[in-house]
Amino acid sequence: MSMKISVVGTGYLGVTHAACMAELGFEVIGVDVDPHKVRMLSEGHLPFHEPGLGELLRTHVESGRLRFTTDYEQIAEWADVHFIGVGTPQRNDGHGADMRYVDAAVIELATRIRGKALIVGKSTVPVGTARRLHGLIAATADPQADITLAWNPEFLREGYAVRDTMTPDRLVLGCEEAGSEAILRQVYARALDAGTPVIVTDFETAELVKVAANAFLATKISFINSFAEITETIGGDITVLADALGHDARIGRKFLNAGVGFGGGCLPKDIRALQARTSELGLTHTMGFLAEVDEINLRRRERVVRLSHAMLQDQLVGARVAVLGVSFKPDSDDVRDSPALDIAVRLFNAGADVLVYDPEGNKNAAERFPRLFYANDLAEAVANADLVLLLTEWAEFKALVPADLEQLVAARRLIDGRNVLSRSQWEEAGWEIVGMGQHYAP
Ligand code: NAD
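Residues numbered from 1 in each chain as written. Predicted model: local features only at pLDDT ≥ 70, side-chain atom pairs only at ≥ 80, totals over all residues.

Broken down by element type, the protein chain carries 19 helices and 14 strands. Relative to the globule expectation of 22 Å for 442 residues, the C-alpha radius of gyration of the protein chain, 24 Å, shows essentially globular dimensions. Overall, the protein chain is about 75 × 50 × 45 Å in size when its C-alpha atoms are taken along their principal axes. By residue count, 47% of the 442 residues in the protein chain fall in the buried class. The long-range share in the protein chain, meaning contacts at least 24 apart out of those at least 6 apart in sequence, stands at 71%. (Helix = DSSP H or I, 4+ residues; strand = E, 2+ residues; numbered from the N terminus. Rg over C-alpha atoms; globule rule 2.2 N^0.38 Å. Buried ≥ 20, exposed ≤ 12 C-beta atoms within 10 Å, placed from the backbone. Contact = placed C-beta atoms within 7 Å.)

Structural data, given as structure tokens:
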């Protein structure tokens, strides 16, 4: 008989995981506390933008293999395996992760399961969480229940979520209890048969792999951006520098693009949570460098604001500024901790007349910042602009050529916050264009 799977929390991670599990042939029910989200998903509508996921969702909702509910009663006894993918956002009162949602999900399950079940954590959590939850399950579960716990961190990237889930770079299975590894090997049989590397380890290592990966990626981005600060001051070409560094196989070219920095629902809060957790463990200096990584990252936003002032000869108040991109990265409508949106808001607060356009992110941005103005398309955004800012590298923006904009704007000024346009091409067409890492002398 086919295994039955529940996925608790149907956000970016949870819906992707649920739809991919259905694609693999399992019967799946996704559970969320948000009834609006559950209603949409049950009708086959994806509440966010993610390439390929909408089709997968519709296919399996229609086939009946994928369902959604708000009712834990419906899944607790039904499923053999419960994946937990609820949020672990930054706490309001500090840098640590807010563990309320994970704890609540585990208690909801543990108090309802009567038979045998495996709970698998996928959320990104502070090291030590699985061991703590193990105790929580023991304290709250029915004595008749036979519940095991495993930790299986998720590495999917928004924009590539389906591909990353179906064909991951590696699988990390934190399995300490009898039987849990065998069940997870069954769940992931297709990827394992295709040769996906698998690391079976203890709870702590599994939790740490995820935060270590994100800390490394964030550090790599801030590393190149710290060199951008040098070339902005004294000259030099940051892209050539990154290319030359990237040829070194020990370093690699990926994540070495100077720009407006990282954002989103993961990297910023994960590096902060890691610092908070290591401090709790008494290791106050161990992750201290991540505070620098965070600061370098936030300074990129200031750089764009300062550059905007300078390029507009300190006449920012009332100037028309077109902001291209508000999602934290292309192919996503996620605006959580988005550098682009933050820059747009800072310029608005400084008195600029800001018009924002993102192919998918306008709606989410408008929910957070309704006072900003949002354009329906690129032409509307750049109409009569005194300055154009390219802040998220959507394909549509990367493909821009000067002729696309020059009849629309009021002045040929552009900040390339992602270093994706050909500077020489735009300069030849009479534009003042400044990229990240580029020395600017008005
Ligand atoms: P999200 O905010 O999009 O989704 C979380 C969902 O959990 C929401 O729909 C919320 O309503 C639901 N929820 C909250 N409490 C619940 C409860 N008690 N029971 C059921 N549902 C509940 O978050 P996300 O981006 O999907 O991230 C989830 C986790 O996955 C986080 O720990 C994140 O760090 C990690 N992660 C995310 C990504 C990504 O790219 N988004 C990648 C890897 C790991």
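With 12 residues, helix α1 (residues 12-23) extends 17 Å from end C-alpha to end C-alpha; this agrees with the ideal 16 Å at 1.5 Å per step. Most of α1 sits inside the fold, with 11 of its 12 residues counted as buried. One or two residues past the end of α1 sits G25, with phi positive at roughly 110°. (Expected span 1.5 Å × (residues − 1).)

Across its 32 residues, helix α10 (residues 203-234) extends 47 Å between first and last C-alpha, which sits within 8% of the 46 Å expected from 1.5 Å per residue. Looking one or two residues beyond α10, the residue adopting positive phi is G235, at roughly 100°.

Feature annotation in UniProt assigns "domain: UDP-glucose/GDP-mannose dehydrogenase C-terminal" (unreviewed entry) to the following positions: residues 322-423. Regarding residues 322-423, the helix share stands at 31% and the strand share at 18%, and the terminal C-alpha atoms are separated by 19 Å. (UniProt positions renumbered as here; feature names shortened; annotations may be inferred.)

Read across the sheet, 6 strands follow the order β11-β10-β9-β12-β13-β14 without closing on themselves; strand pairing throughout is parallel. Only two strands of the sheet have a single partner each, and these edge strands are β11 (373-374) and β14 (432-435). In terms of strand pairing, strand β9 (residues 320-324) meets strand β12 (residues 387-390) through 4 bridges, oriented parallel. Note that in β12 the partner of A322 across the bridge is V388. Along the sheet, helix α13 (residues 289-311) makes contact with β9, β12, β13 (413-416) and β14, crossing β13 at roughly 165°. Sheet contacts for helix α14 (residues 339-349): β9, β10 (353-357) and β12; angle to β10, the most-contacted strand, approximately 160°. (Pairing = 2+ DSSP bridges. Axes fitted to C-alpha atoms, helices over the stretch in contact; angles between N-to-C directions.)

Before going further, it helps to examine the domain arrangement of the protein chain. Considered domain by domain, the protein chain is made up of domain 1 (4-201) and domain 2 (217-435). Centre-to-centre separation of domain 1 and domain 2, based on C-alpha positions: 33 Å. Between domain 1 and domain 2, the residue contacts involve 14 residues of the former and 15 residues of the latter. Here the residues of the side of domain 1 that touches domain 2 sort into 6 nonpolar, 7 polar and 1 charged. (Domains from an automatic or database assignment. Nonpolar A, V, L, I, M, F, W, Y, C, P; charged D, E, K, R; others polar.)

With respect to topology, 8 strands assemble into an open sheet ordered β3-β2-β1-β4-β5-β6-β7-β8, the strand pairing being mixed. Strand pairing shows two members of the sheet lacking a second neighbour, β3 (66-69) and β8 (198-201), which therefore form its edges. Strand-to-strand twist in this sheet, taken as the mean axis angle between neighbours without regard to direction, amounts to 25°. Where strand β5 (residues 116-121) lies against strand β6 (residues 146-151), 6 bridges are found, and the strand directions are parallel.

In this section: the site of the ligand. In the region of the ligand, 26 residues are neighbours, and G9, G11, L13, S123 and T124 sit closest. Contributing elements (two or more residues each) for the shell around the ligand: α1 and α5 (100-110). (Near = placed C-beta within 6 Å.)

A word on the packing of α10 against helix α11 (residues 238-246). The N-to-C vectors of α10 and α11 enclose an angle of 140°; their axes lie 10 Å apart at closest approach. Overall, the two elements α10 and α11 adopt an arrangement that is oblique. Remark: the crossing between α10 and α11 carries right-handed chirality. Between α10, through I224, F227, A228 and T231, and α11, the contact on the second element is made entirely by I238, L241 and A242. Here the contact of α10 with α11 is built from residues that sort into 6 nonpolar, 1 polar and no charged. (Parallel < 35°, antiparallel > 145°, perpendicular 65-115°, else oblique. Left-handed = near helix turned anticlockwise from the far one by under 90°.)

Once that is clear, we can look at the packing of α10 against helix α12 (residues 267-280). One can describe the packing of α10 onto α12 by two numbers: an axis separation of 9 Å at closest approach and a directional angle of 115°. The angle between α10 and α12 places the two elements in the roughly perpendicular class. When you trace α10 past α12, the crossing you get is left-handed. Contacts between α10 and α12 involve V211, N214, A215, L217 and A218 on the former and, on the latter, L267, D270, I271 and L274. Of the residues in the contact of α10 with α12, the class split is 7 nonpolar, 1 polar and 1 charged.

With that settled, the discussion passes to the nonpolar core. One finds V323, L324 and L389 to be the most contacted residues of the largest nonpolar core, which totals 122 residues. When residues in this core are grouped by element, the largest group, 9 residues, is from α10. When residues no more than four places from it in sequence are discounted, the contact partners of L389 are V304, V321, A322, V323, L324, I343, I415 and G417. (Core = buried A, V, L, I, M, F, W, Y, C linked by C-beta atoms within 7 Å.)

With phi around 65°, F255 is a residue other than glycine that occupies positive phi space. Within the secondary structure, F255 sits in the loop between α11 and α12. A count of 16 C-beta atoms within 10 Å places F255 in the partly exposed class. Phi angles above zero are rare outside glycine, and Q313 is one such case at about 50°. By the C-beta count within 10 Å, which is 9 here, Q313 ends up exposed.

On to the pairing of strand β2 (residues 27-31), then. Of all the 5 residues making up β2, 5 are buried; the element is thus mostly covered by neighbouring parts of the structure. Of the two faces of β2, the one carrying E27, I29 and V31 and the one carrying V28 and G30 are both buried. Sheet analysis places strand β1 (residues 4-8) next to β2, joined by 5 bridges and oriented parallel. Bridging from a neighbouring strand, S6 pairs with I29 of β2. Handedness of the crossover joining β1 and β2 through α1: right-handed. (Right-handed = clockwise from strand over helix to strand, strands pointing away.)

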